[in-house]
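Understanding the architecture of this molecule
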Amino acid sequence: MEHWKRTIERANRCFMAGELVDAREAYLQALALAQVLFERWADADEAVAACVISHHNLADLHLRLNQPEESAEYLCAIHQRLLQTMQDPRLSPQLREAALRQSSKTYVELLNFISDHGEYPRTHRLLGGTAAQTDASTRNSPYYGAH
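Along each chain, numbering runs from 1 in the same order as the chain's sequence is written. The predicted nature of this model means local features are confined to residues of pLDDT at least 70 and side-chain atom pairs, given and counted, to a pLDDT of 80 or more, with totals for whole chains, interfaces and linings taken over all residues. Processing note: side-chain calculations cover all non-hydrogen atoms of the structure and skip hydrogens and water entirely.

**Re the packing of aromatic side chains**
Aromatic rings considered in pairs are described by the distance between their centres and by the relative angle of their planes. For this analysis, a ring pair means two rings from Phe, Tyr or Trp (six-membered ring only for Trp) whose centres lie within 6.5 Å, classed as stacked if their planes differ by under 30 degrees, edge-to-face if by over 60, and tilted for the remaining angles. For the structure on display, the rule yields three aromatic pairs. Pairing tryptophan 4 with tryptophan 41 gives two aromatic rings, centres 6.4 Å apart and planes at 75 degrees, and the pair type is edge-to-face. Of the two residues, tryptophan 4 is situated in helix H1 (residues 2–16) and tryptophan 41 in the loop between helix H2 (20–37) and helix H3 (44–64); the sequence distance between them amounts to 37 residues. Throughout this description, the term charge over a ring refers to an Arg CZ or Lys NZ atom that lies within 6 Å of the ring centre and within 35 degrees of the ring normal. Positioned above the aromatic ring of phenylalanine 15 is the side chain of arginine 64, whose terminal nitrogen or guanidinium carbon lies 4.2 Å from the ring centre. Taking the ring centre of phenylalanine 38 as reference, the NZ or CZ of arginine 81 above it sits at 4.0 Å. Each helix is a run of H or I in the DSSP string that is no shorter than four residues. Each strand is a run of E no shorter than two, and both are numbered from the N terminus.

**Thoughts on the pattern of salt bridges**
Any carboxyl oxygen of Asp or Glu that lies within 4 Å of a side-chain nitrogen of Lys or Arg is treated as forming a salt bridge with it. By the definition in use, this model includes five salt bridges. Residue arginine 90 pairs with glutamate 39 through a salt bridge whose shortest N-O separation is 3.1 Å. With arginine 90 in the loop between helix H4 (68–86) and helix H5 (93–117) and glutamate 39 in the loop between H2 and H3, the pair connects residues that are 51 residues apart, well separated along the chain. The closest approach of N and O atoms between arginine 90 and aspartate 88, which form a salt bridge, is 3.4 Å. Any residue under 20% of the maximum accessible area for its type is buried, any over 50% is exposed, and the rest in between are partly exposed; the area is computed with a 1.4 Å probe on protein chains only. Residue classification places arginine 90 among the exposed residues on the basis of a relative accessible area of 59%. Among the charged side chains, a network of salt bridges with common partners joins Glu39, Asp88 and Arg90.

**Quick look at the nonpolar core**
Core analysis: the largest hydrophobic core is formed by 42 residues, its most contacted members being Trp4, Tyr27, Val48, Leu61 and Leu95. Of all the elements in the fold, those that place two or more residues in this core are H1, H2, H3, H4 and H5. By definition in these notes, contact holds between two residues if any of their heavy atoms fall within 4.5 Å. Once residues within four sequence positions are removed from consideration, tyrosine 27 is found in contact with Ile8, Ala11, Asn12, Phe15, Asn57, Leu58 and Leu61. Nonpolar core, defined: a set of buried Ala, Val, Leu, Ile, Met, Phe, Trp, Tyr and Cys residues in which side-chain atoms within 4.5 Å join the residues together.

**Focus: the packing of H1 against H3**
At a minimum axis separation of 12 Å, H1 and H3 run at an interaxial angle of 15 degrees. Between H1 and H3, the crossing angle belongs to the class labelled roughly parallel. Two packed elements cross with a definite hand, and for H1 against H3 that hand is left-handed. Contacts between H1 and H3 involve Trp4, Ile8, Asn12 and Phe15 from the first element and Ala50, Ile53, Ser54, Asn57, Asp60, Leu61 and Arg64 from the second. Here the residues of the contact of H1 with H3 sort into six nonpolar, three polar and two charged. Angles shown run from 0 to 180 degrees and are taken between the N-to-C directions of axes, each axis being a line fitted to C-alpha atoms and, for helices, limited to the stretch in contact. Angle categories: roughly parallel below 35 degrees, roughly antiparallel above 145, roughly perpendicular from 65 to 115, and oblique for all the rest. The handedness criterion is simple: a crossing whose near helix is rotated anticlockwise from the far helix by less than a right angle is left-handed, and one whose near helix is rotated clockwise is right-handed. Amino acid classes used here: Ala, Val, Leu, Ile, Met, Phe, Trp, Tyr, Cys and Pro are nonpolar; Asp, Glu, Lys and Arg are charged; the rest, including Gly, are polar.

By themselves, these observations are geometric and do not establish any function.
Dropping the structure here:
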């Protein structure tokens, strides 16, 4: 966890300084660490949060680079990962529950992104249409409001 924290902090410093190439490299390193350690982290909430933060920081970076489609890819990737984690019976109940709790945040981030930047192919595939349609269908989902 400490190595991931130091890496994400370095990436954030680069991002704030406008050193976007260095920030991207550090964010990708942080993401790789979070993904490798995802199922091994002692604290399930920290594992899921590290993965979400890494993806969302990369999404923010790509927005800064005026690359909204790449941003959408990162937002969709983490939301889909959490949905898969929640349904994977081989994973610990703690990790599955942490994924469920964080999925509301990744869902809201996706809706905000679509509201601000429009739909992209992956957002459309993942959410099944426009944000308004998705919002209505999600309220009927067994996962909506379960956080």
